[in-house]
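# Residue-level structure breakdown
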Amino acid sequence: MATISIVIPAKNEAGNLPMLLDGIGAALAGRDHEVLVVDDGSTDATAEIVRARMAAHPNLRLIRHDVSGGQSAAVHSGVLAARGAIVCTLDADGQNPPAELPKLLAPLLAPGAERIGLVAGQRVGRQDTASKKLASRLANAIRSWALRDGTRDTGCGLKAFRRDAFLRLPFFNHMHRYLPALFVRDGWEVAHVDVAHAPRHAGRSHYSNLQRGVVGAVDLLGVMWLIRRRKRSRPGEAP
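Everything numeric here is computed off the predicted structure, so don't read it as measured data.

## Here we look at the pattern of salt bridges
Taken as a whole and assessed by the stated rule, the structure comprises seven salt bridges. Between E100 and K103 there is a salt bridge, and its shortest N-O distance comes to 2.9 Å. Exposure remark for K103: the relative accessible area of 38% places this residue in the partly exposed category. With a closest N to O distance of 3.2 Å, R185 and D186 form a salt bridge. Both residues of the pair, R185 and D186, belong to the buried class. Each of E34, R61 and R83 takes part in salt bridges that share partners, so that together they form one network.

The structure is reproduced here in structure tokens:
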């Protein structure tokens, strides 16, 4: 069984995948790992690029969605298929540097880390447009105020977590933006790591600021409801 599973949700990212996969291989050289690319209904050569590499890289796997289900659905499919007890995610657009992966893994693999369920990357030096950075800052401020999740940047794709704990979380569209609050809801500790951010190498973003804002408002109310309705006790063995 692979120790670490790297899950990459990808939609029309053929221009970014070769460099990203090379970077992951370099960052995790000598470490037992697998890489799962989840092709979320791409219409470009995303799947072909992954298949062309699989013969030479037996730790590389491809999962395909016939119809795009969104980033959370792609991450969920990847985690379900993962063989590792620890899962790392990063975006396929190349803006999450693979060199940051060991930094994310370290808190989960350190002695005494049994209560840490999630390590959340927090971007510094963001390489985005001014409007995107402003919209993200506003959304993160509202979310942090409403959920008290102690996280500055939940939109960062670089995350590492325990597979079994993730699969116990309530699944819904866009859940990837609320992982710190959901892990805390289930009684886990969340660690935070500052990570670098790179410019997009190719392609374009699949979301607009307006789209993020509209769905984010509805999702935030739903997550607040989930936190209020969490179980207060856990089943235990009878004495």
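Let's pick the thread back up.
## Considering the environment of L36
Following the sequence through the fold, L36 ends up in strand 2 (residues 33-40). Among the residues examined, L36 registers a relative accessible area of 0% and is labelled buried. When the C-alpha positions of L36 and R61 are compared, they lie 4.8 Å apart, and in sequence the two are 25 residues distant. Once you skip the residues sitting within four places of it in the chain, L36 turns out to touch S5, I6, V7, I8, R61, I63, G78, A81 and A82.

## So, the nonpolar core
Ranked by internal contacts, the top residues of the largest apolar core, which has 32 residues, are I6, I8, I24, V37, L101 and V119. Residues in contact with V119, not counting those within four places in the same chain, are L104, P107, L108, L158, K159, A160, A191 and V193. Membership of the second largest hydrophobic core comes to 28 residues, among which are I63, V79, A181 and V223.

## Quick look at the sheet that holds strand 3 (residues 60-65)
Sheet architecture is open: seven strands sit in the order 3-2-1-4-6-5-7, paired in mixed fashion. Every interior strand has two partners, whereas the edge strands, strand 3 and strand 7 (189-195), have only one. Averaged over neighbouring strand pairs, the angle between their axes works out to 20 degrees when direction is ignored. Both strand 5 (residues 116-123) and strand 7 contribute to a ladder of seven bridges, which runs parallel. Looking across to strand 7, one finds that L118 is bridged to V190.

## Let's talk about helix 2 (residues 46-54)
The complete set of buried residues in helix 2 reads T46, A47, V50 and R53. Looking straight down helix 2, one finds its buried side chains confined to an arc of 135 degrees; they lie on one side.

What counts and what doesn't
Residues numbered from 1 in each chain as written. Predicted model: local features only at pLDDT ≥ 70, side-chain atom pairs only at ≥ 80, totals over all residues. Heavy atoms only, no water. Salt bridge = Lys/Arg side-chain N within 4 Å of Asp/Glu carboxyl O. Buried < 20%, exposed > 50% of the residue type's maximum accessible area, 1.4 Å probe, protein only. Helix = DSSP H or I, 4+ residues; strand = E, 2+ residues; numbered from the N terminus. Contact = heavy atoms within 4.5 Å. Core = buried A, V, L, I, M, F, W, Y, C linked by side-chain atoms within 4.5 Å. Pairing = 2+ DSSP bridges. Axes fitted to C-alpha atoms, helices over the stretch in contact; angles between N-to-C directions. Arc of directions from axis to C-beta.

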